[in-house]
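Here's the letter readout for the chains.
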Amino acid sequence: MTTPTWNADSLRRLVQREIGDYRLVVVSNRQPYIHELIEGKLRYVVPAGGLTTALDPLMQECGGTWVAYGGGKGDWYAVDERNRIAVPPDDPQYTLRLVWLTEEQEKGYYYGFSNEALWPLCHNAYTEPVFDAEDWQTYQAVNEEFANQVLDEIDGQPAAVFTQDYHLALLPRRLREADPDIITGQFWHIPWPNPEIFRICPWQTELLDGLLGNDLLGFHIGDHCNNFLETVSRTIDSRVDLDFSLISHHNEPTLVRPFPISVDFEDVCQSAASPYVTDEMERLSDELGLNGMVVGLGIDRIDYTKGIPHRFRAMGRFLEKNPEYIGKVVFVQAGVMSRTSIDAYQQLAEQIDGLLEEINTRFAVRDWKPIIYLPTDLPNVSLLALRRLAQFCVVSSLHDGMNLVAKEYVASRFDEDGVLILSPFTGAAHELTDALIVNPYATEHFADAILEAVEMPYEERRTRMVRMRSIVRENNIYKWAARLLVELMQGARRARRPIRNH
Ligand code: GDG
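Residues numbered from 1 in each chain as written. Predicted model: local features only at pLDDT ≥ 70, side-chain atom pairs only at ≥ 80, totals over all residues. Heavy atoms only, no water.

In the structure shown here, the tally under the stated rule is 27 aromatic pairs. Taking 6.5 Å as the distance between ring centres and 75° as the angle between the ring planes, the aromatic pair formed by Phe 312 and Phe 331 counts as edge-to-face. Of this pair, Phe 312 sits in helix H12 (residues 308-321) while Phe 331 sits in strand S14 (residues 329-334), and the two are 19 residues apart along the sequence. In terms of burial, Phe 312 and Phe 331 fall into one category: buried. What links up through ring pairs into an aromatic cluster is the set Tyr 109, Phe 113, Phe 131, Trp 136, Tyr 139, Phe 146 and Trp 203. The ring of Trp 119 carries Arg 339 above its face, with NZ or CZ at 4.2 Å from the centroid. (Phe/Tyr/Trp six-rings, centres within 6.5 Å; stacked < 30°, edge-to-face > 60°. Helix = DSSP H or I, 4+ residues; strand = E, 2+ residues; numbered from the N terminus. Buried < 20%, exposed > 50% of the residue type's maximum accessible area, 1.4 Å probe, protein only. Lys NZ or Arg CZ within 6 Å of the ring centre and 35° of its normal.)

Following this line, the structure appears as structure tokens:
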């Protein structure tokens with residue numbers, strides 16, 4: 001007998017059972033509905049990515065509050081006097097409460113400490129973190145501001161607060177200090193490094209103390225949990241129980257657990273099969289000259305952790321070793337530029353441009369060139385079309401918590417075709433073992449994997465894809481949210497009891 005897979009309905013039923021009288025508050029830097037002013041009219045957009053997909057049904061069911069930074073140009077016009085908006089805007093079910101930040105605060109907290117210190121610190125991508133004391137102060141102040149808004153929202157009622165990511169590491173401790181009865185959980189969407197790496201952070205103790213204000217702390221995979229447990233045991237006064245993945249600090253427990261995030265498999269799969277996508281495939285093939293080509297694909301936020309130069313180098317080496325494919329295989333790299341005010345991202349953009357010029361000039365024949373670069377925010381329909389056009393998709397991260405692009409490619413391939421080339425340094429590689437797993441630093445192997453993907457017989461492509469699809473279908477985003485919720489409401493409270501009663 002097969003177990004039914006999780007979906008929005010089963011998640012809703014679970015919420016009704018688990019939440020009871022508790023108020024659920026989700027806190028994240030990014031909001032689930034961004035209001036923009038377009039030609040003087042207020043419009044909203046739902047940001048791309050798995051987080052909203054997973055947490056929105058949960059919030060819609062329990063009618064809680066989502067607290068986030070109001071970064072949209074139209075947000076100010078959409079809120080009431082308490083900075084709240086009922087969402088979804090078309091059929092309001094829960095409250096979105098926005099936190100305002102000044103430009104200086106956004107610079108120090110988001111671009112500064114979060115993305116110039118914590119992001120490189122947690123990823124082994126050899127970009128040196130910048131530890132700026134002023135950024136750290138701003139990070140503390142912004143975490144405090146988020147905490148104040150959450151506490152005001154809760155107003156002493158029983159509540160469970162589920163915090164997202166590395167922007168808000170200090171929030172849980174602050175909440176616990178204010179009200180020890182609040183149930184606190186956090187999901188850390190990026191890797192956690194080993195203690196040797198983490199110890200270079202001048203504020204490591206404060207960050208760990210902040211995170212240990214959580215009843216439950218989630219990472220994507222067991223390795224990140226183990227790194228965290230080891231970091232805590234080496235850094236601060238605490239008891240660490242490795243068998244139960246339980247930390248006791250100030251006589252308070254924190255459960256540390258892996259929850260591999262995922263995508264809404266059915267939704268991605270059905271969207272990919274839509275006739276709009278078929279039309280878009282035709283349009284893109286004509287526009288980009290893809291007809292008759294073997295197409296390779298990369299879709300990434302342009303970030304130095306994603307190994308984009310590494311895959312371009314591998315593509316160049318592949319053509320050098322296999323010149324018979326010149327004019328026959330084309331690699332399309334799509335994805336949005338991000339965090340462009342940070343030096344490391346500007347350097348990456350220059351490096352990418354340099355490599356593109358070099359490889360495309362070297363191998364170009366007539367109007368064909370090996371790499372087509374589309375660094376723009378493409379609409380979902382174009383991304384779906386590109387995934388379907390691509391015989392192989394490359395995810396070559398130097399380090400990545402999970403990587404949803406890999407799972408989206410698999411979910412899109414309802415035709416059960418396509419090859420995934422995947423870096424072993426992604427969380428996804430732990431589940432998608434039927435991908436061609438390739439170290440992005442090993443250019444020679446990487447080039448050979450491209451050849452293997454290009455020449456792989458249909459039967460083998462299909463066998464591998466069917467297995468990967470069944471894994472992503474089963475371990476979907478709703479399962480992620482459901483497991484987290486159960487651990488938060490049951491596991492974490494159970495762990496709290498014996499310690500508090502002593
Ligand atoms: C962090 C962790 C973890 C990309 N380009 C465009 C676009 N995308 C979409 C993708 C995908 C999402 O953005 C990127 O998700 P990832 O998981 O690959 O990476 P991060 O942004 O680094 O996310 C990561 C994730 O959190 C979740 O926990 O998996 O490890 O680093 O959905 O399709 N979307 C649109 N246009 C683009 O050009 N619309």
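With respect to the element layout, Ser 28 can be found in strand S1 (residues 23-28). Within the local environment of Ser 28, its side chain forms a polar contact with the side chain of Trp 66, the two groups lying 2.9 Å apart. When residues no more than four places from it in sequence are discounted, the contact partners of Ser 28 are Leu 51, Trp 66, Val 67, Ala 68, Tyr 69, Phe 146, Gln 164 and Leu 168. (Polar contact = N/O pair within 3.5 Å; in protein donor to acceptor, adjacent residues only side chain to side chain. Contact = heavy atoms within 4.5 Å.)

Segmentation of the protein into domains returns domain 1 (8-262 + 478-494) and domain 2 (265-474). Each of domain 1 and domain 2 has a C-alpha centre, and these two points are 30 Å apart. With 25 residues of domain 1 at the interface, the matching set in domain 2 holds 22 residues. Counting each side, the surface lost to burial between domain 1 and domain 2 is near 1,800 Å², with a carbon and sulfur contribution of 62%. Across the contact surface, domain 1 and domain 2 share one salt bridge. Two residues, Glu 474 and Lys 479, come together in a salt bridge whose shortest N-O distance is 3.6 Å. Connecting domain 1 to domain 2 are six residue pairs in polar contact (both at pLDDT 80 or more). Put simply, the parts of the chain that give the side of domain 1 that touches domain 2 at least two residues each are helix H4 (103-122) and helix H9 (222-235). Sorting elements by how many residues they give to the side of domain 1 that touches domain 2 places H4 first, with seven residues. Looking at the side of domain 1 that touches domain 2, its residues break down into 13 nonpolar, nine polar and three charged. (Domains from an automatic or database assignment. Buried area = accessible area lost by both parts, 1.4 Å probe. Salt bridge = Lys/Arg side-chain N within 4 Å of Asp/Glu carboxyl O. Nonpolar A, V, L, I, M, F, W, Y, C, P; charged D, E, K, R; others polar.)

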